[in-house]
Amino acid sequence: MKPFFIICITLSIIGCGSSKNDSNQITIFHAGSLSAPFKALADSFKKTHPQVTILLEAAGSVECSRKITELNRNCDLIASADYKVIDKLLIPHYAEWNVLFASNEMVIAYTPKSRNANIIDSTNWFKIVMEPSVYFARSDPDSDPCGYRTLQIFQLTEKYYQLNGFYSAVIKKDKRFIRPKEVDLLALLQSGAIDYLFIYKSVALQHHMKFVELPKKINLGYIEHAEFYAQSRVNIKGSKPTSTVEMIGEPMVYSFSIPNNVQNRELAEEFAKFILGPKGTEILNALGMPTLQPQYSPASLTKNINILKYAE
C-alpha cells in the first residue's frame with residue numbers, strides 16, 4: 001500500500017495540556033486486533049527498558065476513544081485499527097496529531113468443522129453465509145472498525161457481484177453473534193457456535209486459522225481500489241451519545257496518537273519511536289501487519305515533529 005502523504009517529524013514537543021509524570025508506567029489503549037502485536041512490542045521494548053511497566057488495554061477502537069472522550073480516562077498512547085477514529089473522535093479536542101503506521105485487510109475465518117468448509121471460496125462465500133443452517137459473526141460497528149468494515153464489505157459485495165438486496169438481507173442475519181470487538185468472537189468460532197467470522201487477516205494469521213481471502217476490490221486492503229471502496233458508507237455513534245459519524249470505505253490504515261491527557265509523555269514518545277523503528281516494524285510485519293511509511297493523518301494539527309528518522 002502506498003502512503004497518502006509524507007510527513008516530517010521529531011518526537012520532542014507533541015501536543016499540549018499534559019503534566020509531567022516521573023512514573024515508569026504508561027497506559028496504552030489499543031484495538032483488539034493489535035493485542036498480539038502490542039504485547040510483542042511491549043515485551044521487546046522492556047528488554048531495553050526493564051524498569052518500565054506497560055499497561056495494555058484492548059477494546060474496539062471506537063470504544064478506546066470513548067474512554068478518553070466520555071469517561072475522561074488518562075491514556076499515554078492510543079492505537080486504532082482505523083486512523084479515522086482518532087481523526088474524527090479525538091482531534092482537535094483530545095489529541096493534536098495522528099500517525100499512520102500499518103495496514104490490513106478483511107478475510108473470512110473458519111474451521112475444518114464449519115458447515116461447507118470444504119467448498120467455500122472467494123467466489124461463493126456470500127451464498128454460503130446466507131444459508132439458514134450456516135452461522136456467521138461480526139463485531140459491533142459502533143464499537144469496532146472491524147464491525148463497520150464488515151458492513152462496508154457487504155455493501156461492496158452487493159455492487160461487485162450485482163446482488164440486489166444482499167446488504168439488507170445479510171445485516172438482518174445472525175445478529176445474536178455480534179460482539180464489541182472482533183477478537184471476542186474467536187471463542188465462538190473455535191467452539192463451533194458459529195461457522196464463519198469476518199475478521200482481519202492479521203488476526204487470522206496470528207491464531208493460525210483457516211480463512212477465505214476476499215477479492216481485492218472488496219477486502220479494503222488495496223489503495224488501487226480506493227475509488228470502489230468509497231462507494232460504501234456506514235454511520236456509527238460519534239464522540240457524543242447523540243451524534244453520529246459517517247465512515248466511508250477506504251484502504252485500511254492503522255494509526256496511533258499520544259492524547260493531550262498523557263501522564264508520561266517522555267516514555268510514551270520513547271514507545272512511539274520504538275513502534276516506528278526497525279525492531280517495531282519487524283515485529284508488526286512478522287505478525288501479518290504490513291507497515292507503512294509513517295505519515296500524518298489528514299486531520300493532524302501538528303506537523304513539526306520528525307519521526308521519519310526512526311522509521312529508517
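Since the structure is predicted, the reported quantities are computational estimates derived from the model, not experimental observations.

## Details of the pattern of salt bridges
Here's step 1: A complete count under the given rule lists 14 salt bridges for this structure.
Here's step 2: Between E57 and K67 there is a salt bridge whose closest N-O contact spans 3.0 Å. Linking E57 in strand β2 (residues 53-59) with K67 in helix α2 (residues 61-69), this pair joins segments that are 10 residues apart in sequence.
Here's step 3: E57 gets classed as partly exposed once you look at its relative accessible area, which sits at 22%.
Here's step 4: Overall, the relative accessible area of 10% leaves K67 in the buried class.
Here's step 5: Note that E246 and R233 form a salt bridge whose closest N and O atoms lie 3.4 Å from each other.

## Notes on the pairing of strand β9 (residues 233-237)
Here's step 1: One ladder, built from five bridges, connects β9 with strand β10 (residues 244-248); its direction is antiparallel. Bridge pairing in β10 places K237 opposite T244.
Here's step 2: Hairpin connection of β9 to β10: six residues between the antiparallel strands.

## Details of the packing of aromatic side chains
We describe a pair of aromatic rings using the distance from one ring centre to the other and the angle between the two ring planes.
Here's step 1: Across all of its chains, the model carries 19 aromatic pairs by this definition.
Here's step 2: With 5.8 Å between their ring centres and 70 degrees between their planes, W125 and F198 make a pair best called edge-to-face. Taken together, the positions of W125 in helix α4 (residues 125-128) and F198 in strand β7 (residues 196-200) put the pair 73 residues apart, joining distant regions of the chain.
Here's step 3: Three or more aromatic residues link up through ring pairs in this structure, and these residues are W125, F126, F136, F154, Y160, Y161, F166, F198 and F228.
Here's step 4: K84 extends its terminal NZ or CZ atom over the ring of Y83, reaching a point 5.6 Å from the ring centre.
Here's step 5: Residue placement shows K216 over the ring face of Y222; its charged tip is 4.9 Å from the ring centre.

## Some remarks on unusual backbone geometry
Here's step 1: Cis peptide bonds are those with omega within 30 degrees of zero, and the linkage from I91 to P92 qualifies with 15 degrees.
Here's step 2: Here H208, not a glycine, exhibits a phi torsion of approximately 55 degrees, which is positive.
Here's step 3: Locating H208 in the fold gives a position in the loop between α8 (201-206) and β8 (210-213).
Here's step 4: Among the residues examined, H208 registers a relative accessible area of 75% and is labelled exposed.

## Examining the environment of M289
Here's step 1: Following the sequence through the fold, M289 ends up in the loop between α11 (278-286) and β12 (291-296).
Here's step 2: Placed 184 residues apart in sequence, M289 and E105 show a C-alpha to C-alpha distance of 9.2 Å.
Here's step 3: In this structure M289 touches L34, P37, A102, S103, N104, S202, Q206, Y254 and L284, once residues within four positions along its chain are discounted.

## Describing the environment of N124
Here's step 1: By secondary structure assignment, the location of N124 is in the loop between β5 (106-110) and α4.
Here's step 2: Using a relative accessible area of 17% as the deciding quantity, one classes N124 as buried.
Here's step 3: Of the polar contacts made by the side chain of N124, one reaches the backbone nitrogen of D121; its length is 2.8 Å.

## Here we look at the sheet that holds β8
Here's step 1: Overall, mixed pairing links the four strands, which are arranged β6-β7-β5-β8 in an open sheet. Bordering the open sheet on either side are β6 (136-137) and β8, each of which pairs with just one other strand.
Here's step 2: Across five bridges, the pairing between β5 and β7 is antiparallel. Bridging from a neighbouring strand, I108 pairs with F198 of β7.

## A few points about helix α5 (residues 145-160)
Here's step 1: If you check α5, its first and last C-alpha atoms are 21 Å apart, about what 16 residues at 1.5 Å a residue would give, namely 22 Å.
Here's step 2: In terms of residue burial, α5 counts as a mostly covered element, since 13 of its 16 residues are buried.
Here's step 3: Looking at the residues trailing α5, positive phi occurs at Q162, about 55 degrees.

## Here's the deal with the confidence of the model for the chain
Detailed reading of predicted coordinates is not advised where the pLDDT is low.
Here's step 1: Per-residue pLDDT for the chain averages 90, and the proportion of residues at 70 or more is 90%.
Here's step 2: The model gives residues 1-20 a pLDDT under 50, and that stretch makes 75 contacts with residues more than four places away or in other chains.
Here's step 3: The model gives residues 307-312 a pLDDT under 50, and that stretch makes 22 contacts with residues more than four places away or in other chains.

## Quick notes on the nonpolar core
Here's step 1: Membership of the largest hydrophobic core comes to 82 residues, with the highest contact counts inside it found for F38, L77, F101, W125, F256 and F271.
Here's step 2: Tallying contributions element by element places helix α10 (residues 265-276) first for this core, with seven residues.
Here's step 3: Beyond its immediate chain neighbours, meaning those up to four positions away, W125 contacts I108, I120, I153, F154, T157, Y161, F166, F198, L214 and I218.
Here's step 4: Formed by 10 residues, the second largest nonpolar core is a distinct cluster that contains C75, I78, I86 and A95.

Cut-offs used in this document
- Residues numbered from 1 in each chain as written.
- Predicted model: local features only at pLDDT ≥ 70, side-chain atom pairs only at ≥ 80, totals over all residues.
- Heavy atoms only, no water.
- Salt bridge = Lys/Arg side-chain N within 4 Å of Asp/Glu carboxyl O.
- Helix = DSSP H or I, 4+ residues; strand = E, 2+ residues; numbered from the N terminus.
- Buried < 20%, exposed > 50% of the residue type's maximum accessible area, 1.4 Å probe, protein only.
- Pairing = 2+ DSSP bridges.
- Phe/Tyr/Trp six-rings, centres within 6.5 Å; stacked < 30°, edge-to-face > 60°.
- Lys NZ or Arg CZ within 6 Å of the ring centre and 35° of its normal.
- Contact = heavy atoms within 4.5 Å.
- Polar contact = N/O pair within 3.5 Å; in protein donor to acceptor, adjacent residues only side chain to side chain.
- Expected span 1.5 Å × (residues − 1).
- pLDDT = per-residue confidence, 0-100.
- Core = buried A, V, L, I, M, F, W, Y, C linked by side-chain atoms within 4.5 Å.

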